[in-house]
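# Reading the structure
These are the residues of each chain, in order.
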Amino acid sequence: MAKLRSLVPCCLCPPGGAVDAMDGVKVKVSSRYVVIKNDIFELTLSNPDGIVTGVRYNGVDNLMEILNREDNRGYWDIVWNPPGQRTGIFDVIKGTEFRIIHHDDNHAEVSITRSWDPSLGGKAVPLIIDKRFIVLRGSSGFYTYGIYEHMEGWPDFGLGETRVAFKLRKDKFHCMAMADNRQRVMPMPEDRMPPRGQQLAYPEAVLLVDPINPQLRGEVDDKYQYSCENQYNSVHGWISSDPSIGFWQITPSDEFRTGGPLKQNLTSHVGPTMLAIFLSSHYAGEDLSPKFTNGEYWKKVHGPVFMYLNSSQDRSDPSLLWEDAKVQMVMEKSIWPYDFALSEDFQKTEQRGCISGRLLVRDRYIKDEDLYATSAYVGLALPGEAGSWQRECKGYQFWCRADADGSFYIKNIVAGNYNLYAWVPGFIGDYRFDAALTISSGDDIYLGDLVYEPPRDGPTLWEIGIPDRSAAEFYVPDPNPNYVNRLFINHPDRFRQYGIWERYAELYPDSDLVYTIGESNYSTDWFYAQVNRRTDQNTYLPTTWQIRFNLDSVEPNSTYKFRVAVASSTLATLEVRFNEQDRPVPHFNSRMFGRDNTIARHGIHGLYWLFNIDVSSAWLVRGVNTIYLKQPKNQSPFQGIMYDYLRLEGPGCQLLT
């Protein structure tokens, strides 16, 4: 059993995640409800559905939205599809069997299960789902996790999304916080409906025409503006001012999330709604929707995640609740993996393993000696090709950031078979350790020095951008003043403003972007996304960007290399031509790739792509050259490409001077 926890004393009441409680945990079961409580709060679940119908805390009878139906308050849900059906089926997971797994004064864990059987056919997702809820003595909140199991021989299906959602009282929770610089008073749900709200280019984006809070008039609300990368998505939630209460979702580990540390997911949004997303296709498309075929066996634990409650006597400073929630998040991370989660499928510390080593980078065109892979992302995921981790969506992943000298240490790895992957900011491409790795209970594996040789054929003649898998360093325009979210004015995430893709046509009304090496600056002259140009007739024209550069000489009968790293693509095609804009057949054609939908969803990256293009010296000339980058798909304003980094290399026989 975990030791009781308490935070550094402050003005909060109760002080943080745990207090010394006189009474222990109590469980009361009736035909309709299960009530679990300690001296701090009370959790009510429907029986046997396992829906969170109520949370009583700090004098408030119910923090959940009492105007909603009971099955639309706090719930696990899933989006799935049978084979051949593209449209997902949304299913709130309601259990059919309730069990008490453990109950004493210090700890209660209950299970709500739902199983599939052949009589259900295609009317239900073919999974056994076991939802668990945990309440500890003196703990100011509750834990939940789920075990999903697809038995061998069961029907095939696809999984589009699964998550836990909590819908809080709209009459109390008005302030949302998800980062130090992403906090604000939010609109009411009524503000998104006509006539108070006006839908924009898609249903999620709404212009607040006549909001209940007049200070929000003229702003845009869109839940995707509050998305967050997994690596930073550890705590978010809502604050009530009367009484002063915080309701927070804390995710202490990313191991059960799909897509790796850069994968973006929704957090909190108007409702007030709070989400813990374990799997989704957002900012990735079908690549991150697992398909279970040929009756394969699959089992995975999602969570646990912690729903943390705090309160303060100082209603004038809601930041106290946010700061306390961050402290609690650090504490939850420090005791991961939880030893009080009793499912045998959730491995405890002694059942897991560790791995360490040091990653170096070898690029002889930069330096004769190996370089430290400073701040590299190093991780374990299911076996696959280099870079496959960003599309991996069935297993667990374990990541860390390397130290300044490239040293890495990954702990608490669930026993199993993996490949070790890495990518290094400042360098293109993906690393994979050649040998497959089997992690067993208690392992502490040291790999020693590993060397990554990024793609390189010759010296850099010129480059555009920073190889960091993001387009954030490029020019992000100010939004149209009529479509502003004030939170993101003068904000590092200015790309989250609505409609900035349409500013391209204003900047380039008649012709497209031309970038001149040695004169142009990518932070001001390279638009953040190659989008279609909108016309006065509300149609869209494909765009062709130009890169102009000078070569003092061209080495005959040789091959140059053009590297194009892409940070995101949405139903786009990249055609590359060298010095022949009207050439019928491009020198390079990517074919259509990517379903990230990043442009519309206010992101700055989706999935990473790298194109390595051989360039015949016959395509180049001494003097001024032009590379034409055409994106010909123009059915939508959101078809386009976000570049990460572009580089032209000379022939390999040239030496770095």
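Details of the structure are given in the entry above.
Presented here is a report on the structure given in the accompanying data block.

## Side note on the overall build of the protein chain
When you go through the protein chain residue by residue, the secondary structure sums to 3 helices and 46 strands. A globule of 657 residues ought to have a C-alpha radius of gyration of about 26 Å, and the protein chain, at 26 Å, matches this closely. Based on the C-alpha atoms only, the size of the protein chain along its principal axes is roughly 85 × 60 × 55 Å. Taken across its 657 residues, the protein chain has 59% of its residues classed as buried. Working note: accessible area of the protein chain is about 26300 Å², and carbon and sulfur atoms make up 48% of it. Side-chain charges in the protein chain split into 67 positive and 82 negative, and the spacing between the mean points of these groups amounts to 4 Å.

## Considering the sheet that holds strand β45 (residues 623-631)
Strand order in the open sheet made by the 5 strands is β35-β39-β45-β41-β42, with mixed pairing throughout. What marks the edges here is a single partner per strand, and that holds for β35 (514-516) and β42 (588-589).

## Here we look at the nonpolar core
Membership of the largest hydrophobic core comes to 107 residues, with the highest contact counts inside it found for Val55, Phe166, Phe247, Leu359 and Leu420. Broken down by element, this core gets its largest block of residues, 7 residues, from strand β24 (residues 298-311). Of all hydrophobic cores here, the second largest spans 53 residues; its members include Tyr528, Ala529, Val576 and Ala600.

## Focus on the pairing of strand β46 (residues 640-649)
In summary, the side chains of a regular strand alternate between the two faces of the sheet. The element β46 is extensively covered by neighbouring structure, given that 10 of its 10 residues are classed as buried. Pairing analysis gives 5 bridges linking strand β34 (residues 460-465) to β46, with the strands arranged antiparallel. Each residue of the ladder has a partner; that of glycine 465, found in β46, is tyrosine 645. Looking at chain direction, strand β36 (residues 530-531) and β46 are connected through 2 bridges and run antiparallel. Each residue of the ladder has a partner; that of glutamine 530, found in β46, is isoleucine 641. Taken together, the 9 bridges between strand β40 (residues 559-572) and β46 define a ladder with antiparallel strand orientation. Across the sheet, valine 566 pairs through a bridge with tyrosine 643, a residue of β46.

## Let's talk about the pattern of salt bridges
Per the stated rule, a full pass over the model turns up 43 salt bridges. Lysine 170 is the salt-bridge partner of glutamate 190, the closest N and O atoms lying 2.4 Å from each other. Separated by 20 residues along the polypeptide, glutamate 190 in the loop between β13 (182-185) and β14 (197-199) and lysine 170 in the loop between β11 (157-167) and β12 (173-179) bring together distant segments of the chain. Using a relative accessible area of 30% as the deciding quantity, one classes glutamate 190 as partly exposed. Here arginine 534 makes a salt bridge to glutamate 502, at a shortest N to O gap of 2.8 Å. Highlighted residues: arginine 534 in strand β37 (residues 533-534) and glutamate 502 in the loop between β34 and α2 (503-507), separated in sequence by 32 residues.

## A closer look at the sheet that holds strand β16 (residues 220-221)
Pairing is antiparallel in the open sheet, where 3 strands are placed in the order β14-β15-β16. Bordering the open sheet on either side are β14 and β16, each of which pairs with just one other strand. Pairing geometry for β14 and strand β15 (residues 206-208), over 3 bridges, is antiparallel. Among the inter-strand pairings, glutamine 199 is bridged to a residue of β15, identified as valine 206.

## Regarding unusual backbone geometry
Looking along the chain, the bond that leaves asparagine 47 and enters proline 48 is cis, with omega of 10°. Mapped onto the secondary structure, proline 48 falls in the loop between β3 (41-46) and β4 (52-57). The phi dihedral of asparagine 294 falls on the positive side, at around 55°, and the residue is not glycine. One can find asparagine 294 in the loop between β23 (291-292) and β24. Here asparagine 294 falls in the exposed class, since its relative accessible area comes to 74%. Even without a glycine there, the phi angle at histidine 602 is positive, about 60°. Within the element layout of this structure, histidine 602 appears in the loop between β43 (593-595) and β44 (609-616).

## Comments concerning the packing of aromatic side chains
Scanning all chains against the criterion turns up 49 aromatic pairs. The interplanar angle of 80° and the centroid separation of 6.1 Å between the aromatic rings of phenylalanine 562 and phenylalanine 578 together place this pair among those described as edge-to-face. Separated by 16 residues along the polypeptide, phenylalanine 562 in strand β40 and phenylalanine 578 in strand β41 (residues 575-578) bring together distant segments of the chain. For the pair phenylalanine 562 and phenylalanine 578, a shared accessibility class is recorded, and that class is buried. An aromatic cluster is built from Trp76, Tyr143, Tyr145, Tyr148, Phe256, Phe278, Phe306, Tyr308, Trp336, Tyr338, Phe340 and Phe346, whose rings are joined through pairwise contacts. One cation-aromatic arrangement involves arginine 352 over phenylalanine 346; the distance from NZ or CZ to the ring centre is 5.4 Å.

## Quick word on the state of the cysteines
Two cysteines whose sulfur atoms are joined by a covalent bond form what is called a disulfide. Per the counting criterion, the structure on display carries 0 disulfides. No disulfide involves cysteine 400; its sulfur sits 11 Å from the nearest other cysteine sulfur, which is in cysteine 354.

## Digging into helix α1 (residues 319-334)
With 16 residues, α1 ought to run about 22 Å at 1.5 Å a step, and its terminal C-alpha atoms sit 23 Å apart, in line with that. Within α1, the full set of buried residues consists of Leu321, Trp322, Asp324, Ala325, Lys326, Gln328, Met329, Met331 and Glu332. Packing partners of the buried residues in α1 comprise β10 (141-150), β12, β13, β18 (235-241), β19 (244-250) and β24.

## Remarks on the environment of arginine 73
You can see arginine 73 is positioned in the loop between β4 and β5 (74-81). Taking relative accessible area as the criterion, arginine 73 reaches 9% and is therefore assigned buried. In contact with arginine 73, other than residues within four places in its own chain, are Val52, Thr53, Asn62, Met64, Glu65, Ile66, Asn68, Ala165, Phe166 and Lys167. Of note is the side chain of arginine 73, whose polar atom sits 3.2 Å from the backbone oxygen of glutamate 65.

Quick notes on the rules
Residues numbered from 1 in each chain as written. Predicted model: local features only at pLDDT ≥ 70, side-chain atom pairs only at ≥ 80, totals over all residues. Heavy atoms only, no water. Helix = DSSP H or I, 4+ residues; strand = E, 2+ residues; numbered from the N terminus. Rg over C-alpha atoms; globule rule 2.2 N^0.38 Å. Buried < 20%, exposed > 50% of the residue type's maximum accessible area, 1.4 Å probe, protein only. Areas by Shrake-Rupley, 256 points an atom, 1.4 Å probe, with all protein chains shown as cover. Lys, Arg positive; Asp, Glu negative; His and termini not counted. Charge placed at Lys NZ, Arg CZ, Asp CG, Glu CD. Pairing = 2+ DSSP bridges. Core = buried A, V, L, I, M, F, W, Y, C linked by side-chain atoms within 4.5 Å. Salt bridge = Lys/Arg side-chain N within 4 Å of Asp/Glu carboxyl O. Phe/Tyr/Trp six-rings, centres within 6.5 Å; stacked < 30°, edge-to-face > 60°. Lys NZ or Arg CZ within 6 Å of the ring centre and 35° of its normal. Disulfide = S-S within 2.5 Å. Expected span 1.5 Å × (residues − 1). Contact = heavy atoms within 4.5 Å. Polar contact = N/O pair within 3.5 Å; in protein donor to acceptor, adjacent residues only side chain to side chain.

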